[in-house]
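One letter stands for each residue in the lines below.
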There are 2 protein chains.
Amino acid sequence: MKKSAIRELSLVRKGCILGVGMLVSSAASANDDLMSSARQIFKSIPSVTPEVKDNPVTREKVELGKILFFDPRLSASGVISCNTCHNLGAGGVDSGPTSVGHGWQLGPRRAPTVYNAVFNVAQFWDGRAADLKSQAKGPVQASVEMNTTPDRLLSTLNSMTDYVVMFKKAFPGEATSVTFDNFAKAIEAFEATLITPAAPFDRYLEGDTHALDDQQKAGLVLFMERGCSSCHNGINVGGQDYFPFGAVERPAAPLLPAADKGRFAVTKAAGDEYVFRSAPLRNVALRAPYFHSGQVWSLKQAVGVMSETQLGVKLSDKEENDIVSFLNSLTGQRPKIEYPILPTRTDATPRPALDK
Amino acid sequence: MKKSAIRELSLVRKGCILGVGMLVSSAASANDDLMSSARQIFKSIPSVTPEVKDNPVTREKVELGKILFFDPRLSASGVISCNTCHNLGAGGVDSGPTSVGHGWQLGPRRAPTVYNAVFNVAQFWDGRAADLKSQAKGPVQASVEMNTTPDRLLSTLNSMTDYVVMFKKAFPGEATSVTFDNFAKAIEAFEATLITPAAPFDRYLEGDTHALDDQQKAGLVLFMERGCSSCHNGINVGGQDYFPFGAVERPAAPLLPAADKGRFAVTKAAGDEYVFRSAPLRNVALRAPYFHSGQVWSLKQAVGVMSETQLGVKLSDKEENDIVSFLNSLTGQRPKIEYPILPTRTDATPRPALDK
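Heads up: these notes are all about the structure in this document. Since this is a predicted model, take the numbers as computed values, not measurements. (Residues numbered from 1 in each chain as written. Chains lettered and ligands numbered in written order. Predicted model: local features only at pLDDT ≥ 70, side-chain atom pairs only at ≥ 80, totals over all residues. Heavy atoms only, no water.)

## A few points about the interface of chain B and chain A
Applied cut-off: Only heavy atoms matter for contacts: two residues are in contact if any of them lie within 4.5 Å across the pair. Once two parts are put together, the accessible area they lose, assessed with a 1.4 Å probe and summed over both, is termed the buried area. Any Lys or Arg side-chain nitrogen found within 4 Å of a carboxyl oxygen on Asp or Glu counts as a salt bridge. Polar contact criterion, stated in full: a pair of N or O atoms within 3.5 Å, where within protein one must be able to donate a hydrogen and the other to accept it, and residues adjacent in sequence count only if both atoms are side-chain atoms.
In this complex, chain B contributes 40 residues to the contact, which on the side of chain A involves 40 residues. Interface area, chain B with chain A, both sides summed: about 3500 Å², of which 63% is carbon and sulfur. Looking at the side of chain B facing chain A, the largest losses of area belong to B:Trp104, B:Trp297 and B:Tyr339, adding up to 25% of the total buried there. Seen at the junction of chain B and chain A, the total is two salt bridges. Of the charged contacts, one joins B:Glu338 and A:Lys336 as a salt bridge, the two residues approaching to 3.8 Å between their closest N and O atoms. Scanning the region where chain B abuts chain A turns up 12 residue pairs in polar contact (both at pLDDT 80 or more).

## As for the nonpolar core
Our working definition: Nine residue types can take part in a nonpolar core, namely buried Ala, Val, Leu, Ile, Met, Phe, Trp, Tyr and Cys, and a core is a set of them joined through side-chain atoms within 4.5 Å. Burial classes: relative accessible area under 20% of the type maximum marks a residue as buried, over 50% as exposed, and values in between as partly exposed (1.4 Å probe, protein chains only). Every helix listed is a DSSP run of H or I at least four residues long, and every strand listed is a run of E at least two residues long, numbered separately from the N terminus.
Core analysis: the largest hydrophobic core is formed by 80 residues, its most contacted members being A:Leu68, A:Leu88, A:Phe183, B:Leu68, B:Leu88 and B:Phe183. Sorting the residues of this core by element identifies helix H3 (59-70), helix H7 (150-158), helix H8 (161-170) and helix H9 (180-192) of chain A together with helix H3 (59-70), helix H7 (150-158), helix H8 (161-170) and helix H9 (180-192) of chain B as the ones contributing at least two each. In contact with A:Phe183, not counting residues within four places along its chain, are A:Leu68, A:Leu74, A:Ala136, A:Val140, A:Leu153 and A:Phe167.

## Topic: the packing of aromatic side chains
Inclusion rule: Stacked, edge-to-face and tilted are the three classes for Phe, Tyr and Trp ring pairs, Trp counted by its six-membered ring, which pair at centre distances within 6.5 Å; planes under 30 degrees apart are stacked, over 60 edge-to-face, the rest tilted. To sit over a ring, a charge needs its Lys NZ or Arg CZ within 6 Å of the ring centre and within 35 degrees of the ring normal.
Applying the stated rule across the entire model yields 25 aromatic pairs over all chains. A ring pair is formed by A:Phe70 and A:Tyr339, whose centres lie 5.2 Å apart and whose planes are at 80°; its orientation type is edge-to-face. Of this pair, A:Phe70 sits in helix H3 while A:Tyr339 sits in the segment after helix H15 (317-328); the two residues are 269 residues apart in sequence, bridging distant segments of the chain. Ring centres of A:Phe167 and A:Phe171 lie 6.2 Å apart, and the angle between their planes is 25°; this geometry places the pair in the stacked category. A single burial state applies to A:Phe167 and to A:Phe171, both of which are buried. A network of ring pairs unites the aromatic residues A:Phe69, A:Phe70, A:Phe190, A:Tyr339, B:Phe69, B:Phe70, B:Phe190 and B:Tyr339 as a single cluster. The aromatic ring of B:Tyr242 is capped on one face by B:Arg263, whose charged end is 3.8 Å from the ring centroid.

## Let's talk about the environment of B:His102
When you line up the elements, B:His102 lands in the loop between helix H4 (82-85) and helix H5 (132-135). B:His102 gets classed as buried once you look at its relative accessible area, which sits at 1%. Distance in space between the C-alpha atoms of B:His102 and B:Val165 is 29 Å, their sequence separation being 63 residues. Here B:His102 is in contact with A:Trp104, B:Ala76, B:Ser77, B:Ile80, B:Ser143, B:Val144, B:Glu145, B:Asn147, B:Ala353, B:Leu354, B:Asp355 and B:Lys356, once residues within four sequence places are set aside.

## Some words on the packing of helix H2 (residues 30-41) of chain A against helix H11 (residues 214-225) of chain A
Residues and elements named next belong to chain A. What counts here: Fitted lines through C-alpha atoms give the axes, limited to the stretch in contact for helices. The angle between two N-to-C directions lies from 0 to 180 degrees. Under this scheme an angle from 65 to 115 degrees is roughly perpendicular, one under 35 degrees roughly parallel, and one over 145 degrees roughly antiparallel; angles in between are oblique. With the far helix as reference, a near helix turned anticlockwise by less than a right angle produces a left-handed crossing, and one turned clockwise produces a right-handed crossing. Side-chain classes are defined by residue name, with Ala, Val, Leu, Ile, Met, Phe, Trp, Tyr, Cys and Pro counting as nonpolar, Asp, Glu, Lys and Arg as charged, and the others, Gly among them, as polar.
Put simply, H2 and H11 touch, their axes get as near as 11 Å, and they point 50° apart. Looking at the two axes, H2 sits oblique to H11. Considering the relative orientation of H2 and H11, their crossing is left-handed. On H11, the residues touching Asn31, Leu34, Ser37, Ala38 and Ile41 of H2 are Lys217, Leu220, Val221 and Met224. Looking at the contact of H2 with H11, its residues break down into six nonpolar, two polar and one charged.

## Considering the relation of the copies chain B and chain A
Stated precisely, the cut-off is as follows: In superposing the copies, a least-squares fit is computed on C-alpha atoms, taking residues whose pLDDT is at least 70 in both.
Least-squares fitting of chain B to chain A yields an RMSD of 0.0 Å, with the transformation described by 0.0 Å of translation along the axis and a rotation of 180°. Look at the turn and shift together and you get a two-fold axis relating the two. Identified as the residue of chain B closest to the rotation axis by C-alpha distance is B:Glu338, at 2.2 Å. Mapped onto chain A, 100% of the interface residues of chain B again fall at the interface, so both copies present the same surface.

## Structural notes on the packing of H3(A) against H8(A)
Relative orientation and spacing of two packed helices are given, respectively, by the angle between their axes and the distance between those axes. Residue and element names in this part refer to chain A. In contact at an axis separation of 8 Å, H3 and H8 are set at 145° when each is read in the N-to-C sense. Between H3 and H8 the crossing geometry is left-handed. For the pair H3 and H8, contact is made by Glu60, Lys61, Leu64, Ile67 and Leu68 and by Tyr163, Met166, Phe167, Lys169 and Ala170, respectively. Its residues assigned to classes, the contact of H3 with H8 comprises seven nonpolar, no polar and three charged.

As far as function goes, none of this settles anything; it's purely spatial.
In structure tokens:
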């Protein structure tokens, strides 16, 4: 559906331009109108952990999930934890461009952030996992990432009493609490707490007109008028739907490697070639390099690439700066995380398997 | 000085056996005597950060040092931080056997723990660094570890304003605060806080006779009587001096690889072949696998190897269990550490260099 997707994009863009144009044309209430217009398109990050489908978020699950998230022994090598590629001290991503995994292999795509991932319509760049509990089962098994198996992972967890006790507390009343499903659910529960409220843009959406400065407001106007918000909208300023990368103009080959056809691998629909989930832009300023290929290191350059390839627009230098300034207002407050003490290995714990 | 070292060991051992033997022979005050004897040989971990030579430990240095410790971008690849091999969530070590570094290369030796390292006579298995500030300069440059250069490291730090500001606060009044020396000093200051007081054995040394159970006390008696404490003594129950590995009997080849001659590489003295700093045994139960080669995965087996190779003694199963029980009493309280938020990269930050 590439062509119809482009048509849709174009229509939404026109609507957006008209709508915002009308609003900001009224000089007296321009500020109020901009806020009102933004509120129709975006939503602020809540300050409390959201509910998760089919997985009530309890304190016990979150605590267990945190330990699992930081435990490198869940990888075959004993070297790689979830946090290796989704570094919570950074923007929930690694140093890029794509992730280094088992045996120093390079993964095919840039690590997506775990921060606010709970708000995305689905997980991974191609949306192949419906939710975070489904997502959590992927990287541990991927041969270029953590390279383990569910059996080995469960052996590791069962070898340490502290883990077994924590699973029992997190999943009470279950005959077998240490399961691959529950491992994934605990990680999902922890990841649901990884939200970053109180960004300047959140405070703006919540009514504080001074939370954005004039340049950021100019960037916000451009972001909506030029059509960026056609794909990047909602609570995560993206992450809500799928769109072709190169809707108007095909990006340079390094940015869009021919072999990675995106969502096509999931749906097998011809129209889904080079279609990806729109990138959620929360905390985007913390997350260079950009795009699924991780080949663009400057946010300003990324804005330029997007406007040309997706909108067919060449922005001026000032416009790019204004939009970058707005994007900087999307940086929220990362939660305080006490680095977890891991259960101690026992003689029954599988030893590291380093071979590629 | 291998032979004289063995003679010394033997003399110390005899003295120790006699001394302890006399003390514990008095039935009425056996407990008091054991405590008194232990106090002559060991010292408890303090509850406050110790002073560090030529590097006053300030809050600003500690906070900076913590961030540096956790920042993988200080490695060429952007993948490996100090914490990768000295995991503070484990015993300050990695999963073993030896460390995985740049390009998935295996280092030659097991990662030593950073916990309580400030109390060691010198750093590394062979004591080649006089202190932690000297040690901190090693792994970042080692090609099999973090594989960077001082220049690249300083470029990385200088590229991020937050780092520059933190260095200025940590090293006030210096014309250039972002230096390789100051990088190392900040890490040393943070590592000085990585002490683990309040182990059962500490509480015992501080006067609580019930802090050790009967089996642990029996293990303590054996530990002193059999001569373990000849090398493993002081505040770190080791880490205070150098001894030949294989003082009485040469360990099996995998445990003592012929190519690694230990302290000989530092001093070039023939008597220092296969001489190593005695392992500090604080938190040893958290730190399998054991020895510089990381080839022994069970603490009980490690005790057996030590008694045979260093003391020429074959312990009974019960004796090994008693000593392991005592060693378990050396597990202290690890500090609570808030996982740091890292400064955000800029366009000037060197990009990851993954090539081997």
